[in-house]
4 protein chains.
Amino acid sequence: MEQGSSAKPPSGAEPYPHAGRRLRVGIVGGGRGALVGRWHWTGMRLSNRWDLVAGALSSDPDTARASGRDWMLAEDRAYVDFGEMARAEAAREDGVEAVTVCTPNWTHREIAEAFMAEGIDVICDKPMTITNADCDALIAARREAGVVFAVTYPYAFHAMARQAREMIAAGAVGEVRQAIVEYAQEWATGPDDPGAKGPKWRRDPEKVGRASATGDIGTHALQMLEFVTGLRVARLRADFHVCGADKPMEDTSFINFALDNGAPGMMWITQAAAGNHCGLRFRIYGQEGGLSWDQESPEILRHAPLGQPERVLVRGHGAGILPAAERMACLPRGHGEALSDAWGNLYTEIAVAVSARRSGTPVPDGLLALPDIETGARGVRFINAAADSHEAGGAWVDLAPA
Amino acid sequence: MEQGSSAKPPSGAEPYPHAGRRLRVGIVGGGRGALVGRWHWTGMRLSNRWDLVAGALSSDPDTARASGRDWMLAEDRAYVDFGEMARAEAAREDGVEAVTVCTPNWTHREIAEAFMAEGIDVICDKPMTITNADCDALIAARREAGVVFAVTYPYAFHAMARQAREMIAAGAVGEVRQAIVEYAQEWATGPDDPGAKGPKWRRDPEKVGRASATGDIGTHALQMLEFVTGLRVARLRADFHVCGADKPMEDTSFINFALDNGAPGMMWITQAAAGNHCGLRFRIYGQEGGLSWDQESPEILRHAPLGQPERVLVRGHGAGILPAAERMACLPRGHGEALSDAWGNLYTEIAVAVSARRSGTPVPDGLLALPDIETGARGVRFINAAADSHEAGGAWVDLAPA
Amino acid sequence: MEQGSSAKPPSGAEPYPHAGRRLRVGIVGGGRGALVGRWHWTGMRLSNRWDLVAGALSSDPDTARASGRDWMLAEDRAYVDFGEMARAEAAREDGVEAVTVCTPNWTHREIAEAFMAEGIDVICDKPMTITNADCDALIAARREAGVVFAVTYPYAFHAMARQAREMIAAGAVGEVRQAIVEYAQEWATGPDDPGAKGPKWRRDPEKVGRASATGDIGTHALQMLEFVTGLRVARLRADFHVCGADKPMEDTSFINFALDNGAPGMMWITQAAAGNHCGLRFRIYGQEGGLSWDQESPEILRHAPLGQPERVLVRGHGAGILPAAERMACLPRGHGEALSDAWGNLYTEIAVAVSARRSGTPVPDGLLALPDIETGARGVRFINAAADSHEAGGAWVDLAPA
Amino acid sequence: MEQGSSAKPPSGAEPYPHAGRRLRVGIVGGGRGALVGRWHWTGMRLSNRWDLVAGALSSDPDTARASGRDWMLAEDRAYVDFGEMARAEAAREDGVEAVTVCTPNWTHREIAEAFMAEGIDVICDKPMTITNADCDALIAARREAGVVFAVTYPYAFHAMARQAREMIAAGAVGEVRQAIVEYAQEWATGPDDPGAKGPKWRRDPEKVGRASATGDIGTHALQMLEFVTGLRVARLRADFHVCGADKPMEDTSFINFALDNGAPGMMWITQAAAGNHCGLRFRIYGQEGGLSWDQESPEILRHAPLGQPERVLVRGHGAGILPAAERMACLPRGHGEALSDAWGNLYTEIAVAVSARRSGTPVPDGLLALPDIETGARGVRFINAAADSHEAGGAWVDLAPA
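Residues numbered from 1 in each chain as written. Chains lettered and ligands numbered in written order. Predicted model: local features only at pLDDT ≥ 70, side-chain atom pairs only at ≥ 80, totals over all residues.

Moving on, we get to the overall build of chain A. From N to C terminus, chain A includes 12 helices and 15 strands. Computed over the C-alpha atoms, the radius of gyration of chain A is 21 Å, within 12% of the 21 Å expected from 2.2 N^0.38 for a compact globule of 402 residues. Across the 402 residues that make up chain A, the buried fraction comes to 64%. Considering only contacts within chain A whose residues lie at least 6 apart along the sequence, 71% involve residues at least 24 apart. (Helix = DSSP H or I, 4+ residues; strand = E, 2+ residues; numbered from the N terminus. Rg over C-alpha atoms; globule rule 2.2 N^0.38 Å. Buried ≥ 20, exposed ≤ 12 C-beta atoms within 10 Å, placed from the backbone. Contact = placed C-beta atoms within 7 Å.)

What follows concerns the pairing of strand E4 (residues 98–101) of chain A. For a regular strand, side chains alternate in direction, first toward one face of the sheet and then toward the other. All names here are of chain A. On E4, burial covers both faces: Ala98 and Thr100 on one face and Val99 and Val101 on the other are all buried. For E4 and strand E5 (residues 121–124), the ladder comprises four bridges, and the chain directions are parallel. Paired with Thr100 across the bridge in E5 is Ile123. In the classification by handedness, the crossover that spans E4, the intervening helix H4 (residues 108–117) and the parallel E5 is right-handed. (Pairing = 2+ DSSP bridges. Right-handed = clockwise from strand over helix to strand, strands pointing away.)

The next subject is the sheet that holds strand E1 (residues 23–28) of chain C. Strand pairing in a sheet relies on backbone hydrogen bonds, with the paired strands running either antiparallel or parallel. All names here are of chain C. On the basis of which strands lie adjacent, the open sheet formed by six strands has the order E3-E2-E1-E4-E5-E6 and parallel pairing. The open sheet terminates on both sides in strands that have one partner only, identified here as strand E3 (78–79) and strand E6 (149–151). Bridge count for strand E2 (residues 50–56) against E3 is two bridges, and the pairing is parallel. The residue of E3 that forms the bridge with Ala56 is Tyr79.

As a further point, take the relation of the copies chain A and chain D. Two copies of the chain are present, and they differ by a rotation about an axis and a shift along that axis. When chain A is fitted onto chain D, the two copies agree to an RMSD of 0.0 Å after a turn of 180 degrees and an axial shift of 0.0 Å. Expressed as an axis order, the relation between the two copies is that of a two-fold axis. Of the residues that chain A buries at the interface, 98% are likewise interface residues in chain D, meaning the two copies contact each other through the same surface. (Least-squares fit on C-alpha atoms with pLDDT ≥ 70 in both.)

A word on the interface of chain A and chain D. The interface of chain A with chain D comprises 47 residues on the first partner and 46 residues on the second. Looking at the side of chain A that touches chain D, the elements that each hand over two or more residues are helix H1 (36–47), helix H9 (213–229) and helix H11 (339–359) of chain A. If one sorts the elements of the side of chain A that touches chain D by residue count, H1(A) sits on top with six residues. Along the lines of polarity and charge, the residues of the side of chain A that touches chain D split into 17 nonpolar, 17 polar and 13 charged. (Nonpolar A, V, L, I, M, F, W, Y, C, P; charged D, E, K, R; others polar.)

Quick look at the sheet that holds strand E5 (residues 121–124) of chain D now. Residues and elements named next belong to chain D. Across the sheet, six strands lie side by side as E3-E2-E1-E4-E5-E6; this open sheet has parallel pairing. With one partner strand each, in any of the chains shown, strand E3 (78–79) and strand E6 (149–151) form the two edges of the open sheet. Where strand E1 (residues 23–28) meets strand E2 (residues 50–56), six bridges bridge the pair, whose relative direction is parallel. Counterpart to Arg24 in the pairing with E2 is Asp51. Its contacts with the sheet put helix H1 (residues 36–47) on E1, E2 and strand E4 (98–101), and the angle it makes with E2 is roughly 155 degrees. (Axes fitted to C-alpha atoms, helices over the stretch in contact; angles between N-to-C directions.)

A word on the relation of the copies chain C and chain A. When chain C is brought onto chain A, the operation consists of a screw motion whose angular component is 180 degrees and whose axial shift is 0.0 Å, with 0.0 Å RMSD remaining. Interface overlap between copies is the fraction of interface residues in one copy that are interface residues in the other; for chain C against chain A it reaches 100%, indicating a shared surface.

With that settled, the discussion passes to the domain arrangement of chain A. Residue and element names in this part refer to chain A. As assigned here, chain A comprises domain 1 (23–154) and domain 2 (159–333 + 373–398). Each of domain 1 and domain 2 was reduced to a C-alpha centroid, and the two centroids are 26 Å apart. Listed per partner, the contact involves 18 residues of domain 1 and 18 residues of domain 2. Of all elements in the fold, only helix H5 (132–145) and strand E6 (149–151) reach the threshold of two or more residues within the side of domain 1 that touches domain 2. The element that contributes the greatest number of residues to the side of domain 1 that touches domain 2 is H5, accounting for five residues. Class assignment for the residues of the side of domain 1 that touches domain 2 results in 12 nonpolar, four polar and two charged. (Domains from an automatic or database assignment.)

Below, the discussion takes up the interface of chain C and chain A. Each side of the interface is counted separately: chain C has 10 residues, and chain A has 10 residues. Classifying every residue of the side of chain C that touches chain A gives four nonpolar, four polar and two charged. Bridging between strand E14 (residues 310–314) of chain A and strand E14 (residues 310–314) of chain C involves three bridges; their strand directions are antiparallel. For Val312(A), the partnering residue across the bridge sits in E14(C) and is Glu310(C).

Residue and element names in this part refer to chain D. Orientation of helix H5 (residues 132–145) relative to helix H12 (residues 373–391), taken along the N-to-C sense of each, is 170 degrees, at an axis distance of 9 Å. Here H12 runs roughly antiparallel to H5, going by the angle between their axes. Where H5 abuts H12, its residues Asn132, Cys135, Leu138, Ile139 and Arg142 lie against Ile373, Ala377, Val380, Arg381 and Asn384. Looking at the contact of H5 with H12 residue by residue, the classes come out as six nonpolar, two polar and two charged. (Parallel < 35°, antiparallel > 145°, perpendicular 65-115°, else oblique.)

A few words now on the confidence of the model for chain A. Should pLDDT be low for a region, the predicted coordinates there are not to be read in detail. Of the residues in chain A, 95% have a pLDDT of 70 or more, and the chain-wide mean is 93. Below pLDDT 50 for its whole length, residues 1–11 of chain A participates in 32 contacts with residues either more than four positions away or in separate chains. (pLDDT = per-residue confidence, 0-100.)

Glancing now at the environment of Arg315(A). Residue and element names in this part refer to chain A. For Arg315, the location among the structural elements is in the loop between E14 and helix H10 (323–328). Residue classification places Arg315 among the buried residues on the basis of 29 C-beta atoms within 10 Å. When the C-alpha positions of Arg315 and Ala238 are compared, they lie 35 Å apart, and in sequence the two are 77 residues distant. Those residues in contact with Arg315 that lie beyond four places of it in its chain are Ala159, Met160, Glu299, Ile321, Ala329, Arg333 and Glu337.

The next subject is the pairing of strand E8 (residues 233–241) of chain D. All names here are of chain D. The buried fraction of E8 amounts to seven of the nine residues, a majority that puts the element mostly inside the structure. Here E8 runs beside strand E9 (residues 252–259); their pairing, made up of eight bridges, is antiparallel. In the strand pairing of E9, Leu236 is matched with Phe257. With two bridges connecting them, E8 and strand E15 (residues 397–398) associate as antiparallel partners. Opposite Arg235, over in E15, you have Asp398 as the bridge partner.

A few words on helix H2 (residues 61–70) of chain C. All names here are of chain C. When we look at burial in H2, the residues that qualify are Ala64, Ser67 and Gly68. Looking down the long axis of H2, one finds its buried residues gathered within 105 degrees of arc, a one-sided arrangement. Summarising the contacts, the buried residues of H2 are in contact with E2 and E3. Count one or two residues on from H2 and you reach Met72, which has phi positive near 60 degrees. (Arc of directions from axis to C-beta.)

All names here are of chain B. One way to put it is that helix H3 (residues 82–91) packs onto helix H4 (residues 108–117) with a least axis distance of 9 Å and a crossing angle of 15 degrees. With respect to each other, H3 and H4 are oriented roughly parallel. In the packing of H3 onto H4, the handedness of the crossing is right-handed. Touching Phe82, Gly83 and Ala86 of H3 are Ile111, Ala114 and Phe115, all from H4. Looking at the contact of H3 with H4 residue by residue, the classes come out as five nonpolar, one polar and no charged. (Left-handed = near helix turned anticlockwise from the far one by under 90°.)

Another point: the environment of Glu75(C). Structurally, Glu75(C) can be placed in the loop between H2 and E3. On a C-alpha basis, the gap between Glu75(C) and Arg65(C) in space is 7.5 Å, while along the polypeptide they are 10 residues apart.

Have a look at this one:
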């Protein structure tokens, strides 16, 4: 392999501390036919800090067993029932230290509670729950259990998203004065594939809650916005639309918002825009500059300092990359990282947090930027606020601080 | 010079008819220090269908004379007073056949009326007037005078904007289901240059009317949206903001709209987004595809037919370019055209319309797509509707059909 | 029209001096069916410094007359014979001050000589001649006549090509250490259109000389390379190929070269690369940085200072644009200029040179960067050196300084 | 996690067969301070088909032990001596089935031979050896041992590189008529970091052989060229240059070549071009179209069918992606894959080959496109041919078929 630029961070960024062993993790959900399990597994594998050793991969016994073989789990650790898994693993000396919950959203709460009750750290997919009440319950349960509770918003773990956050915090655009965020996909433009399971429950308000696309991808846009600006959406108004083929819930939403410093912004969420695949993008402006990023070109962050030529920052070491973003860079500049690597970074930070709790060693300040249960709750409250607004004809609705 | 691809349209697009002589045109406004005159003059020159022979370039006699020399006008046709110019030119056998009005917006009405009263065709900069009442008055005056009245929205004269319009009309995206339009600039991010005249009146509601950025560039976004989709904005809601340095009127507006087929959309208008220069962009989506364009890369139109790879159409002849867009292409593909060429196309179409009226020969159906007085009125009504909405806290406001 | 950023150069770049009247120019070539005349005419019109008043547009009397009407020439100044035109115009008090020669390349010499003999300044298309001997003869004739002799390499008149030249001269990349230049088109990939005149003589060595694509577009690449680096190609080796449909002369050449400071480089010239339209591009590297530009995105120049993020410079005023490039900027940043504007800049500089000679006022140092007869000769010698090398199996051949 | 587009290949591409267990692999090289080990480990982890269980990570005992802990190896399998490792592992029932050799290039031969002698499959970094004679020896040794011998050219395992290969094979450009390949980096522009080990041996002909950049990255360019075109370089001529800071071996080479179908091409190899990070790019042209790709935007392949708009193919399922490339796609379109994923694909294909040999089940035709020992030898012969040519003043040199 060629050398590329040096892998050694020139600016003194220390890598993440390593426990010296891999942590044991289990998974609930993610069985055969489920895409979402693969995301988590990729993060576990790439971080090299986890061994996936147990799972309740399906509530169907045959699928559970077959999926367990896919994941190369020991037979006695391929569970059918998550409650049994929680109890059995807690009882084992080599039981899982953390569990990934990547079942459909409306089941997250009870599963997470079962594992927290056993003192097992939780890694929960997003959106965290369906209702605000479930968020409150989970927050209370976590406070009691004292466990780590991470919510998997992976896009924030692209190194250049971290770079954006650090640059904004350091004043690269001045105070944020407006923000444009969008997450555009195309897959719901045409009629749903009748055989696809995912879309079916995504259109069922009984299951998915009060919003479809807004919950599915809008929550990513919200998290990214709040993550990079360091600000919170204080209020919003939303209109839900069906722009693709007929369906019972929205595939598109147009959201106006005000950040808690008063800056206004717009958010465009759609799954019915042909030619867009995973178009999570932000553009943030202050009186001293602008910053923009597109998750489909995740290695590049554009910085326009007012009155100067735009700078194109590329992930890697040196050349304007700040220590927190250098720390996340595994490959040299130009040797592209993308979403798998972001999942790796996410599972690395979770491992650091879990190890720290278990060893009683505090994590150094500012090392991690891990979406926690409060971040998870922000997403749920955002969905419900957007639905409230939509139902009220697009009225402004407050988004309570988590 | 190298050959490039053939300049002969392979698809049978006939060029615009030519009168065999250049038309005589005058100008009101555009004297020394004014940028806007140059735009018009570029269009006149590039179209090769106009001779600029008279002007009331300034109400200050010294500036008028000096500017007349800049424009190489005959001394006796460098007027100080536009009314005198209208009368004197109408009296000359070789008087102007059309006049370009590019004074500050609040003066357009009386100037246009003076020339229409003399039977002289009018080429009016945008926004056409300040108030809706002025639009009504102008429309009535034009009906009586029977003259050509063109409003100069140049971006629609980029060949690839015409291509977009023709493709949408031909069903390239199916029925339009949502539209995202933006016009972003950066020049109002910092404090206004105290010596600059333009910004001063643009911040003065007495002069510029009820909106600043929304009128200045938002009208372009509206016209482009309606031009390419062939639809009309039926209603809108708008929030005005100051996102750049403090100023008495908005530099940013966030506008939600519904088109008259029911499709929703968003419009982002700002002059305070660092790194944006002349970012007029549209993205139009239907159930069969998407189409996007950015005026800073005007030669390229992106077409994403659902389920197929995106196509990158480039201005020129053949390779998917439709006859109406081929007709506008002066240079071979890749030999870049840009805004000067768009102004040239605009003044070509105006010349065709003026010649047709004067010769009594009707223009062939579908040959021209010239923004007329109704289009001009759309822009004014849009500004006032946006201001109404903003003042009503972002309430939905109908935008009456022009 | 919206304001955009100020048109006033903040850095003190004074515009080009203006003679206060338009110069009278004639044209030889460029009649009906010829693309090349339009390029020149666009430059004349956009510069606003020329009136085209005479022409020998075709050696066929009917075409000459018809073309004269197209160009709106007076009937007695639509000549059939260029020699007669030279004499007649020289005899008129209002005769042409300069003549544009845009006939097929092998006729340039005798036409230019006829006009120079009458003291008329010459604007000659490229390549200037077919043989090196013709160059020598023209150079001698011009020295004797003392006229201005400009060769029309328009791409160097994109403002951002001038910016590149100024930046390299100012040390933006350090000393140039390697250069990659290419000019790629696609039009010769398939079989020639049997009706097209241009391709026919371009494949006829009797007429076009010893190279086809290398002369047609390779000369542009050479001129751009030498223009932006301020260096000269000292030696080269070339291989000619036919990569598109069968044809008697090369459509592709691969050229290695050494600049006169010893830096090596590569040049790729082709008219048989599908997907390339007018792909004139350079990438210049020194030990302190790199600079790259693509004529299909002419407003953008990319500057990579070693160890820092890449900067994207955009034509306009301020934001790193140097005075010589600001002077060429007619429209505000983002209000795109392209090839028509480059031709306008070229004809502006020619007008300044012609006016200066005729008024006896010297042009200020460094104001113009006009390709002169020596530049024209470089192109011809380059073609012949490439052919020499190709015929010698790709041997290194010296390219004598012009 | 959002759903994105379906992960199920609609075109019937079956995923790679899976052995049902992870294979045991060892590594020689890759200890602390070595970047290269991480590449391999990433591929092993992401493929989920390997357990790294043994290593001779350094010839220094302390480093070997410490590195073993980094890699979480059992203590008795963290060897100091590769020969001992080969013998010990072969003797274990749970010994490694394959070994990755990622030591400096001049040591590959003896290490590979030691493991092949024990019947262990070999995964060898590139360039495979220093001399052609070593290639011959390795080829003979492998023939005798009958083992799998894979050479790690990872860029060919970007899904869209495979797509390019399949499209060219299917006639998307017609017969290949010219090819432009480049691999440009910037890291050798300035003086070498005195503490960096890599650069030191890369400048030492005793160790690295007769070429530096040409071997390091030129071999990737060669492999990619031959991989996507399905053709072989038949002859070449090369000039070596130092364009960055002074150094004893070339950092840049300019190579002309002819493919075995007669098509010409150019290759630009440099590590001294500021602003280039990992710029491996190809542009392939035939008489029916062109195809281009840039490893820094690995998800995108541009296809220009002659006379039609360019198509932008994006990795994923459907929308023109061929089965062999769909098979490599792990994430839905737009959920970016990059170099880590390419390494994963590479190690997946190696696992399939190793499993097939060990189980005696033949691999289905056309399933794998694994660089084998012959591909490895092509790279070495290319380096030596380039050096031969350079030393002969850039003379044409045949590149014998491997």
